[in-house]
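So you can see what is in the structure, the chains are spelled out below.
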Amino acid sequence: MEMEEVVEDAAHGIVIVGGGICGLATALALHRKGISSLVLERSEALRADGVAIGIHANGWRALEHLGVAAVLREATNAITAYRSVWQLQNKTTLLPARKELRCLTRKDLVETLAKNLPAGTIRFGCRVAAVDEESGSRCPVLTTEDGHTIKAKVLIGCDGANSVVAKYLGLGNPSELPRLAILGLASYPDGHPFGTEFLTIAGDDLAVGRLPINDHLVHFFLSRRRPSTDMARDASAAREYVLEKLQECPADVVDMVRRCDHASSLWTTTKVWYRPPWQVALAAFFQLRRRAAVTVAGDAMHVMGPFIGQGGSSALEDAVVLARSLSSSRATVEGGADDLAGDRGRRHDQPQVDGEMGAAIGRYVRERRARVIRLSLESFTVGTLLRTKSAVVRLVCAVVMALLGTRSRRHADYDCGSL
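A quick note: this is a predicted structure, and the numbers were derived from the prediction, not measured.

Notes on the overall build of the chain
Then, number 1: For the chain, the count of helices and strands is 13 helices and 19 strands.
Then, number 2: When burial is assessed residue by residue, the chain has 53% of its 419 residues classed as buried.
Then, number 3: Considering only intrachain contacts with a sequence separation of at least 6, the fraction spanning at least 24 residues in the chain is 75%.
Then, number 4: Summed over its atoms, the accessible surface of the chain is roughly 17,800 Å², and 52% of this surface lies on carbon and sulfur atoms.

Observations concerning helix α13 (residues 391–404)
Then, number 1: A rise of 1.5 Å per residue sets the reference length of α13, with its 14 residues, at 20 Å; its end C-alpha atoms lie 20 Å apart and thus fit the reference within 8%.
Then, number 2: Listed in full, the buried residues belonging to α13 are C397, M401 and L404. Across the axial projection of α13, the buried residues extend over an arc of 65°, all falling on one side. Facing away from the buried surface of α13 by more than 90 degrees, the exposed residues are A391, V392, L395, A402 and L403.
Then, number 3: Where α13 starts, the residue carrying a side-chain oxygen 3.4 Å from the main-chain nitrogen of V392 turns out to be S390.
Then, number 4: With its phi angle positive at about 70°, G405 sits one or two positions after the end of α13.

Digging into the packing of aromatic side chains
Then, number 1: Here the structure, examined in full by the defined rule, presents four aromatic pairs.
Then, number 2: Ring centres of Y188 and F194 lie 5.6 Å apart, and the angle between their planes is 90°; this geometry places the pair in the edge-to-face category. Judged on exposure class, the residue Y188 and its partner F194 are both buried.
Then, number 3: Look at W278 and F380: their rings are 5.4 Å apart centre to centre, the planes differ by 80°, and that puts the pair in the edge-to-face class. With W278 in helix α8 (residues 277–282) and F380 in helix α12 (residues 350–387), this pair connects stretches of sequence that are 102 residues apart.
Then, number 4: Residue F380 is classed as partly exposed on the basis of its relative accessible area, which comes to 23%.
Then, number 5: In this structure an aromatic cluster arises from ring pairing among Y274, W278 and F380.
Then, number 6: Positioned over the ring face of Y82 is R409, at 3.5 Å from the centre of the ring.

Side note on the sheet that holds strand β18 (residues 286–288)
Then, number 1: Taken together, the six strands give an open sheet; going across it, the order is β8-β3-β2-β12-β19-β18, and neighbouring strands pair in mixed fashion. Strands with a single pairing partner mark the edges of an open sheet, and in this sheet they are β8 (122–123) and β18.
Then, number 2: Sheet topology places strand β2 (residues 14–17) next to strand β12 (residues 154–157); four bridges connect them, and they run parallel. Opposite I16, over in β12, you have I156 as the bridge partner.

Things to note about unusual backbone geometry
Then, number 1: Notably, N90 is not glycine yet its phi reads approximately 55°, a positive angle.
Then, number 2: Note that N90 resides in the loop between β5 (81–86) and β6 (91–96).
Then, number 3: Unlike most non-glycine residues, R409 shows phi in positive territory, near 55°.
Then, number 4: Relative to the assigned elements, R409 resides in the segment after α13.

Some thoughts on the pairing of β6
Then, number 1: Where β5 and β6 come together, six bridges link them in antiparallel fashion. Counted as the bridge partner of Y82 is L95 from β6.
Then, number 2: Hairpin remark: β5 followed by β6, antiparallel, with four residues in the connecting loop; positive phi at N90, about 55°.

Quick look at the environment of T92
Then, number 1: Locating T92 in the fold gives a position in strand β6.
Then, number 2: Taking relative accessible area as the criterion, T92 reaches 47% and is therefore assigned partly exposed.
Then, number 3: Each C-alpha atom, one on T92 and one on T200, is 9.8 Å from the other, the two residues being 108 residues apart in sequence.
Then, number 4: Beyond its immediate stretch of four places on either side in the chain, T92 contacts R83, S84 and V85.

A look at the confidence of the model for the chain
Then, number 1: When pLDDT is averaged along the chain, the result is 85, and 87% of the positions lie at 70 or above.
Then, number 2: For the stretch residues 1–11, pLDDT sits under 50, and the model shows 32 contacts to residues farther than four places along the chain or on other chains.
Then, number 3: Within the model, the stretch residues 333–353 combines pLDDT values under 50 with 40 contacts to residues more than four positions away or in other chains.

Analysis parameters
- Residues numbered from 1 in each chain as written.
- Predicted model: local features only at pLDDT ≥ 70, side-chain atom pairs only at ≥ 80, totals over all residues.
- Heavy atoms only, no water.
- Helix = DSSP H or I, 4+ residues; strand = E, 2+ residues; numbered from the N terminus.
- Buried < 20%, exposed > 50% of the residue type's maximum accessible area, 1.4 Å probe, protein only.
- Contact = heavy atoms within 4.5 Å.
- Areas by Shrake-Rupley, 256 points an atom, 1.4 Å probe, with all protein chains shown as cover.
- Expected span 1.5 Å × (residues − 1).
- Arc of directions from axis to C-beta.
- Polar contact = N/O pair within 3.5 Å; in protein donor to acceptor, adjacent residues only side chain to side chain.
- Phe/Tyr/Trp six-rings, centres within 6.5 Å; stacked < 30°, edge-to-face > 60°.
- Lys NZ or Arg CZ within 6 Å of the ring centre and 35° of its normal.
- Pairing = 2+ DSSP bridges.
- pLDDT = per-residue confidence, 0-100.

Now the structure itself:
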């Protein structure tokens, strides 16, 4: 017999799909504003495994608003310089870091966010298979793989690039870059010799990055053009293909990669997804129904390539802006979910309350769209520049990057505002 769970109280009025960085940050931002939420996480436990994430100054501002920046800064060193190597041109540049950049392990970030949430906020082992619309109320109904159904007054999709909630909103599938990437963590028990420099190496076909986390741990990435679609389906073959070019790298890079346990969760081969800037500009990022509203955040809204390192920081911004917008709506704070419980308890002023809720989510989408269009365009442009062989395209990309201030990392100057 199918079980149905109807969200009947304010604690479950907001349902967040996805217990990754964006989902947990959104729940924490709402909690800081006195608003409860329910996070549905597909894994049986907190997804604290994985590699690392670079957080720019704008991301740290968001973490400050969430109240966790101070403790996270204790786990990582600030980057003080950028060293860039172009092997084909035999050119190296060294520039000081004028804006805060630190690299965190995903474990530290996720565990810190989760630790600051009230008990019971995260429901584990809850894999959402589909989102449909109830015929009568037109509320979104989430169906889990084990047959349960869950209704929500406010549904927020933080479920990544291939988001079930984004599909419900009618967003197109994200595009995939024809590249393969390896991410890893290298441990140096006696201390590494790299200081606090962020190193990038651009070769003929292989791109390398090295980002120290602290005195003993280093995050690295390797990226190479994918020769075929089939290659992406075989993780082992993809890894070996990328590592073929490793011998062209300096000895300290080779040693760094060898230090990583390739069989552990500290090493992963991944595809590179992105939502093109024109899709970000035109997509319907929210849907307002008579008794419910749906929106998305993080990669579900604006997954972008890693070229400017803003995926994680922009997701943290989303969390702050969304919580600030929803907290201004009586539909969320006062209305709870009584209108989902049926006619009993339905309030006479419900149409006005729904209007307030729609306006709140509309503000969030408008504010974030302006920001993420620019980030998506910048990331898309840098990615295009790295893979094109056309002189004309390269010139256009260089002009766009100059206008956006890519080299000065103007994208990190942004402040999403307080909660």
